[in-house]
Amino acid sequence: MRPLFPLLLVALGLSTAAPASAQSCTGLCLQQVTCPAGQTTTITGKVFAPNGIDPLPNVTVYIPNAAVAAFPVGVQCPVTGTPPLGSPLLGTTTATDGSFLLTNVPVGANIPVVAVTGKWRRQVVVPTTTACADTPLVINMPKNSTEGDIPLFAVATGRVDQVECVLRKVGISDSEFTNPGGTGRIQLFQGDGGGGNTFAGGAVIDPKTPAESTLMGTSATLNQYDVLMLPCEGGEFLRPATQLTNLIQFANAGGRVYSSHFAYSWMFQNPPFDKVANWAVQQPQLADGLATVDTTFSEGQTLSAWLQIVGATTTPGQMFISTLRHDFNGVVPPTQSWLTLNDPAAGNPIMQFVFDTPVNQKTGQCGRVLYNEYHVENTGAPSGLDFPAECTSGSTMTPQEKLLEFSLFELTDDGGQATLVPTTADFGSVPIGFPSAPQTFTFTNNSTFAESISILTASGDFAITHQNCTSVPGGGSCQITVVFTPTALGARTGTLTVGAGAQTLTAALTGTGVPDLVSSVTALDFGSVDVGASVSKTITVTSNAPSAVPFPA
């Protein structure tokens, strides 16, 4: 018997999408339809953190065309651009505000949709989609394991930076906080300074919560986890060599590491992490103040905009931070600065940085380490409290906690955000009315799915003279050539804007307009000359232009 659904499509004046071959179009592909008048069947929506409040950028949203397999257990080395599990039929990536648009979606009942970033994953079912119409959808990442997948966290609890409390505010259920070996995805180890120091101890689940040294002492234990959180434990506790080595191996295998303040003890004497920054530990503490987000790279641009969206700041690229420390003087590229304190007297010190691992390896990097020069939580709760008694800062997230929320999701993703490089370009001094030498920008689509370029503009005295950016395949790149032709003297500014799917990236363009002709003097004094006599002087006119300039006779 022929299925009823295609018959209904014909009756409505629609048709099923023509497959490339009878074998290549199976499953939900058979439910895609061709709509009249350029219409399409869509799902639009937003993805939020588990708390349902804060939108999440750079989340892959897709429709699978097969069963979605379980994630492999233990630390993994993900490859950017690898297709997500479940033979995706189509997909996209969320914008800075968490929004997404799926086009040409299958028509019918019980359409599966998956949202995934790293090992965070939520699978939902859309009850029905209507041909050539839009269906709205909101997806919250899972609060617990019954709702979806959560990375396996190992948290070494600290006395003065109770980051496990922030995970609660992100929306993770208390049932997910357990001892190692429990069913929870957030497993606590009591901080012990690497070897039984009681001052370092933070919160516990119960008296059976093991010490941090149990976690860090063997690779077999540490490598069970996806994310390692090493908050400040209140002192510079030097770590045993075996534990230092295990940390390096975990990160090199693809592990994600969060660390703050005194957690520098895991890095500043631990090659090669000792070379990611110019460590100069235990300098005088810094005063609270405004900090600037580094927007010279694509993820920094996203963070700058996101902080405004979630109400962490009202000023683009600026936010107030507190409980600041000073343990290094600048980072060593390619370590990436994320946040700098606006304190010229102290050299505008960096407050947060991220580096990829293995360090100094140009290919195959898949681990990531984040370091903060501030406490996110500073409640001063005594050590040894049973979780969540140490979480005394209320339920509303502070701007600093929201910054950690963003950082954790960025830390644990697979690096699929699109990039535009460079993000700044100076075209130098150019004569008015003449074009500069061209400069080339590269847009890279790091996701699995092809993206159509919907916005491609250059403002001010800057113009796009060549581009091959129509549709960029997953993992592909395109180039954009820009030329500066000044229309006035002095500094000129503009912006290159590239929009693909839900993502919009920009590059700041600068140049200086100069005269096309320059005289060697601006005034001549011929002095006293007898009537009828003459005096001659020479003026040298120099052309700055790359080609001939008309000169009046």
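As the structure is a computational prediction, the values presented were derived from the model and not from experiment. (Residues numbered from 1 in each chain as written. Predicted model: local features only at pLDDT ≥ 70, side-chain atom pairs only at ≥ 80, totals over all residues. Heavy atoms only, no water.)

Student: Help me understand the overall build of the protein in this model?
Tutor: When helices and strands are tallied, the protein shows seven helices and 33 strands. The buried share among the 553 residues of the protein stands at 50%. (Helix = DSSP H or I, 4+ residues; strand = E, 2+ residues; numbered from the N terminus. Buried < 20%, exposed > 50% of the residue type's maximum accessible area, 1.4 Å probe, protein only.)

Student: Would you mind showing me how to read the side chain of threonine 129 here?
Tutor: In this fold, threonine 129 is placed in strand 8 (residues 120-129). A distance of 2.7 Å separates a polar side-chain atom of threonine 129 from the backbone oxygen of proline 106. Look past the residues within four positions of threonine 129 in its chain and what remains in contact with it is Ile43, Pro106, Val107, Gly108, Ile111 and Thr135. (Polar contact = N/O pair within 3.5 Å; in protein donor to acceptor, adjacent residues only side chain to side chain. Contact = heavy atoms within 4.5 Å.)

Student: I tried to follow the sheet that holds strand 30 (residues 490-500) on my own but got confused; where do I start?
Tutor: Strands in a sheet are paired, the pairing made by backbone hydrogen bonds, and the direction either parallel or antiparallel. Pairing is mixed across the open sheet formed by five strands, whose spatial order is 24-31-30-26-28. Of all strands in the sheet, those with a lone pairing partner are strand 24 (424-431) and strand 28 (471-472), marking the two edges. Across six bridges, strand 24 lies against strand 31 (residues 503-514) in parallel orientation. By the bridge assignment, aspartate 426 is partnered in strand 31 with threonine 510. (Pairing = 2+ DSSP bridges.)

Student: Would you take a moment to explain empty space enclosed by the protein for this structure?
Tutor: Space left empty within the atom packing is revealed by a probe, the size of a water molecule, rolled over the atoms. According to the stated counting rule, one finds three cavities of 30 Å³ or more in the structure shown. As for the largest cavity, its lining consists of 15 residues, of which Pro57, Asn58, Phe406, Glu410 and Asp413 are closest to the centre. Going through the elements one at a time, helix 6 (298-309) and helix 7 (399-412) are the ones with two or more residues in the lining of the largest cavity. Here the lining of the largest cavity is composed, by residue class, of seven nonpolar, five polar and three charged. (1 Å grid on protein atoms, 1.4 Å probe; cavity = no way out; pocket = protein on both sides within 12 Å on 5 of 7 lines; lining within 4 Å. Points joined across faces, edges and corners; volume = space filled by probe spheres on them. Nonpolar A, V, L, I, M, F, W, Y, C, P; charged D, E, K, R; others polar.)

Student: What should I look at first to understand the layout of surface pockets in this one?
Tutor: Put simply, the largest pocket is a space of about 880 Å³. Lining the largest pocket are 35 residues, and of these Glu299, Pro334, Asp356, Gln365 and Arg368 lie nearest its centre. Of all the secondary-structure elements, those providing two or more residues to the lining of the largest pocket are helix 6, strand 20 (336-341), strand 21 (350-357), strand 22 (367-372) and strand 23 (419-421). For the lining of the largest pocket, the per-class residue count stands at 15 nonpolar, 13 polar and seven charged. Taken as a whole, the second largest pocket spans an internal volume of roughly 690 Å³. Lining of the second largest pocket is provided by 33 residues; of these, Phe71, Pro78, Gly118, Lys119 and Asp414 occupy positions nearest its centre. Counted by class, the lining of the second largest pocket contains 13 nonpolar, 14 polar and six charged residues.

Student: Would you explain the nonpolar core in this entry?
Tutor: Across soluble globular proteins, nonpolar side chains have a tendency to be buried as a group. With 66 residues, the main nonpolar core has Val47, Leu102, Val113, Phe153, Leu167 and Met229 as its most contacted residues. For this core, the leading source of residues is helix 7, giving six residues. The contacts of valine 113, once residues within four sequence positions are left out, are Ile43, Val61, Tyr62, Ile63, Pro64, Leu102, Arg122, Gln123, Val124, Val126, Leu137 and Ile139. The next biggest cluster of nonpolar side chains, apart from the first, holds 36 residues, and it includes Ala156, Tyr264, Met267 and Ala277. (Core = buried A, V, L, I, M, F, W, Y, C linked by side-chain atoms within 4.5 Å.)

Student: What exactly am I supposed to notice about the pairing of strand 31 here?
Tutor: Sheet topology places strand 30 next to strand 31; eleven bridges connect them, and they run antiparallel. Its bridge partner being in strand 31, threonine 497 is matched across the sheet by threonine 506. A loop of two residues connects strand 30 with strand 31, the two strands running antiparallel in sequence, and glycine 501 in this loop sits at a positive phi of about 60°.

Student: Could you clarify how one ought to interpret the state of the cysteines in this entry?
Tutor: Formally, a disulfide is one covalent bond, and it connects the sulfur atom of one cysteine to the sulfur atom of another. A complete count under the given rule lists five disulfides for this structure. Residue cysteine 35 pairs covalently with cysteine 132 via a disulfide, S to S 2.1 Å. Here the disulfide of cysteine 35 and cysteine 132 is left-handed, its torsion about the S-S bond being about -100°. In this pair, cysteine 35 is assigned in the loop between strand 2 (33-34) and strand 3 (42-48) and cysteine 132 in the loop between strand 8 and strand 9 (134-140), connecting sequence segments 97 residues apart. Summarising the burial analysis for this pair, cysteine 35 and cysteine 132 share the class buried. Disulfide partner of cysteine 165: cysteine 391, at an S-S distance of 2.1 Å. A torsion of -85° about the S-S bond marks the disulfide between cysteine 165 and cysteine 391 as left-handed. One end of the pair, cysteine 165, is in helix 2 (residues 163-170); the other, cysteine 391, is in the loop between strand 22 and helix 7, with 226 residues separating them in the sequence. For the pair formed by cysteine 165 and cysteine 391, the shared burial category is buried. (Disulfide = S-S within 2.5 Å.)

Student: Explanation requested: the packing of aromatic side chains in the structure shown.
Tutor: The geometry of an aromatic ring pair comes down to the distance between the two centres and the angle between the two planes. Within this structure, the stated rule accounts for 22 aromatic pairs. Ring geometry for phenylalanine 262 and tyrosine 264: centres 5.8 Å apart, planes at 50°, overall tilted. We note that phenylalanine 262, like tyrosine 264, is buried. Aromatic pair phenylalanine 462 and phenylalanine 484: ring centres 4.8 Å apart, planes at 20°, arrangement stacked. Separated by 22 residues along the polypeptide, phenylalanine 462 in strand 27 (residues 462-467) and phenylalanine 484 in strand 29 (residues 477-484) bring together distant segments of the chain. Accessibility assignment for this pair places phenylalanine 462 and phenylalanine 484 in one class, buried. Its guanidinium or amino end placed over the ring of phenylalanine 71, arginine 121 lies 3.9 Å from that ring's centre, counting from NZ or CZ. (Phe/Tyr/Trp six-rings, centres within 6.5 Å; stacked < 30°, edge-to-face > 60°. Lys NZ or Arg CZ within 6 Å of the ring centre and 35° of its normal.)

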